Amino acid sequence: MRSNRARYQNDEKKQEKKAAKRKYMSYEEVPLEDYRDEEPMPNDITKKFLKMFFILFLSVVAVLAVLNLDKLTPDNIAHWFQYDLLGKSEGDGYPTGFSGSTVSEGNFDLISGVPAYCSDTTIAVLNSSAGTYLEMQHSFACPMLSVNGNYGIVYNLDATCYTIIKRDSAEYTGAVKNKIFSADISASGAYAILTESEEYLSKVTVFRSDNLEKYNYSFADYYMNNVSISKDGTRAVLSGVSARNGGIISVIYVLDFTQDNYLQKYEVDDTYIYSVKYLDNGNAYAVGSAGSYFININNGGKTDISYEGRNLTAFTLKRDQGLIMSLSANPDGRDCDLVSYDHDGNKDFEVKTGEKVISIDERKNNRAILSADTVTVFDRDGKRRASAPAGSDSRKIVFCNNDTFYVLGKSRISRLTASA
């Protein structure tokens, strides 16, 4: 018993000696403030790391800003925050129905890269998932839509009211004194409205982006029917029609808003001008019933584009590219040839499609047709590179990117991707 007690006391003394050599006896007995690293990271290393991270972050932001300088507007930044970051107006995907009972082919286009339409009751802009950026009712009896970049103008044909829209909002609603024949808006927000006139046959009035009038020009000899304004809002190309010697004669005017007289004027016999377009590079096209016309506004030259005995079945004028059209030698529009001209008036594409073409569009080096229920994409060499089923009720296609389209049907809008 004594030896056990002595051994126990001896072991206890050894434990005390070992404990004296340790910094802490146990974690339970140590205050919380003593739980810290003996060698913390130096402050200068932490500051250097944060500084390097911050510099790298700013470099990435600067590169993105330079690459997207033209898109860094207050409107686009606000849009990104509301719709992309916060997820506002997320949709259920395509296909989607549209508000109203009908949308004409001319009232379906892209604004800021997403689909915009004007039905018999509604003006709307959708996003890539079929959510709604803008939806507003209108009371126009015959609405017409014209889009240019981030802007659109909806006007009431043969009436006096119009509305300026952007992707997310209705910017302005106004009215002119006389009935509207045509209207167009520039990428800068300036717009032109072609109307009848009390003293002349027609009159065009140009408004600044703040909706104040800056220019007008009256036409005494022609009933003007089309107007297209330049990208910067400083010039316009117009077309009109009159009678001469028992037939019709059309006219093409080019106006400069700094001059009192017209800049250029061209008359063409026995044709009716369907549409005109002022291109982004400063040239223009006019598409007529018997032929089309390229206008080099810089040198004042006009080039006639013959249909070579074929019938025009469809066409699209692109501000950034030029003219693309389908021509058929058959009265019923079968076996169409697809032909395009670039923004300098040069023919850059022609191919026999073997199809009855309903709608056409182009983007960069790709041309596309809608025929029956199929979208077909041709490359720059005229080879079929991709296709996709579009639905039997499809009426119009517009390129979203090189292989993706928005498609207008009788009662819905679809989004499809063509594949090889």
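A brief look at the structure comes next. (Residues numbered from 1 in each chain as written. Predicted model: local features only at pLDDT ≥ 70, side-chain atom pairs only at ≥ 80, totals over all residues. Heavy atoms only, no water.)

Points about the pattern of salt bridges
How we decide: The salt bridge definition used is simple: a Lys or Arg side-chain nitrogen within 4 Å of an Asp or Glu carboxyl oxygen. For the purposes of this entry, the term helix denotes a DSSP run of H or I that reaches at least four residues, the term strand denotes a run of E that reaches at least two, and both are numbered from the N terminus. A 1.4 Å probe rolled over the protein chains alone gives each residue an accessible area, and that area as a share of the maximum for its type sets the label: buried under 20%, exposed over 50%, partly exposed in between.
Scanning the entire structure with this criterion turns up 19 salt bridges. Linking Arg319 and Asp184 is a salt bridge whose minimum nitrogen-to-oxygen distance equals 2.9 Å. Pair noted here: Arg319 is in the loop between β22 (311–318) and β23 (322–328) and Asp184 is in strand β10 (residues 180–185), with a separation of 135 residues, a long-range link. Residue classification places Asp184 among the buried positions, given a relative accessible area of 2%. Between Arg367 and Glu362 there is a salt bridge, with the nearest N and O atoms lying 3.5 Å from each other. Comparing Arg367 with Glu362 shows no difference in burial state: the two are buried. Sharing partners across several salt bridges, the network here consists of Glu308, Arg310, Asp337, Lys347, Glu350 and Lys352.

Structural notes on the sheet that holds strand β7 (residues 151–156)
Applied cut-off: Strand pairing is defined by DSSP finding a minimum of two bridges between the two strands. Under this scheme, a helix contributes an axis fitted over its contacting stretch, all axes are lines through C-alpha atoms, and angles between N-to-C directions fall in the 0 to 180 degree range.
Spatially, β6-β7-β8-β9 is the arrangement adopted by the 4 strands of the open sheet, whose pairing is antiparallel. The two strands at the open ends of the sheet, each matched to only one other strand, are β6 (143–148) and β9 (170–175). Within the sheet, the average angular offset between the axes of one strand and its neighbour, ignoring direction, is 15 degrees. In the sheet, β7 pairs with strand β8 (residues 161–166) via 5 bridges, with the strands oriented antiparallel. Bridge pairing links Gly152 to Ile165 in β8.

Some details on the pairing of β10
Among the 6 residues that make up β10, 5 are buried, leaving the element largely enclosed by the rest of the structure. Pairing analysis gives 5 bridges linking β10 to strand β11 (residues 191–195), with the strands arranged antiparallel. Counted as the bridge partner of Ala183 is Ile193 from β11. Adjacent in sequence and paired antiparallel, β10 and β11 are bridged by 5 residues, among which Gly189 carries a positive phi angle near 100 degrees.

Quick word on the environment of Phe207
Here is the rule we go by: We call two residues contacting when some pair of their heavy atoms lies within 4.5 Å.
Along the chain, Phe207 turns up in strand β12 (residues 202–207). Phe207 gets classed as buried once you look at its relative accessible area, which sits at 9%. Along the chain, Phe207 and Tyr191 lie 16 residues apart, while their C-alpha atoms are 5.4 Å from each other. Residues within four places of Phe207 in sequence aside, it is in contact with Val176, Ala190, Tyr191, Ile193, Leu212, Glu213 and Lys214.

Side note on the sheet that holds strand β25 (residues 347–352)
Across the sheet, 4 strands lie side by side as β22-β23-β24-β25; this open sheet has antiparallel pairing. Strands with a single pairing partner mark the edges of an open sheet, and in this sheet they are β22 and β25. Taking each pair of neighbouring strands and ignoring which way they run, the sheet shows an average axis angle of 15 degrees. Where β22 lies against β23, 7 bridges are found, and the strand directions are antiparallel. Of the residues in β23, the one forming a bridge with Phe315 is Met325.

Observations concerning the nonpolar core
Nonpolar side chains in soluble globular proteins tend to end up buried together. In plain terms, the rule: Grouping buried Ala, Val, Leu, Ile, Met, Phe, Trp, Tyr and Cys residues that are joined through side-chain atoms within 4.5 Å yields what is termed a nonpolar core.
Counting residues in hydrophobic clusters, the biggest one holds 19 residues, and the most contacted among them are Val204, Phe219, Met224, Leu238 and Leu255. Residue assignment for this core shows that the elements contributing at least two residues are β11, β12, β13 (213–219), β14 (223–229), β15 (235–244) and β16 (247–256). It is β16 that provides the largest number of residues to this core, a total of 4 residues. The residues contacting Val204, other than those within four sequence positions of it, are Ala192, Ile193, Leu194, Tyr215, Asn216, Tyr217, Phe219, Val227, Leu238 and Leu255.

Quick word on a nonpolar patch on the surface
So the rule is basically this: Surface patches are defined over residues having more than 30% relative accessible area and no salt bridge, joining like charges when they lie within 9 Å and nonpolar side chains (Val, Leu, Ile, Met, Phe, Trp, Tyr) when within 5 Å. The protein chains shown are the only cover counted for residues, whose accessible areas, like all others here, come from Shrake-Rupley with a 1.4 Å probe.
Among the surface-exposed residues, Phe53, Phe54, Phe57 and Leu58 lie close enough to one another that they form a single nonpolar patch of about 440 Å² accessible area. Relative to the assigned elements, Leu58 resides in helix α2 (residues 43–67).

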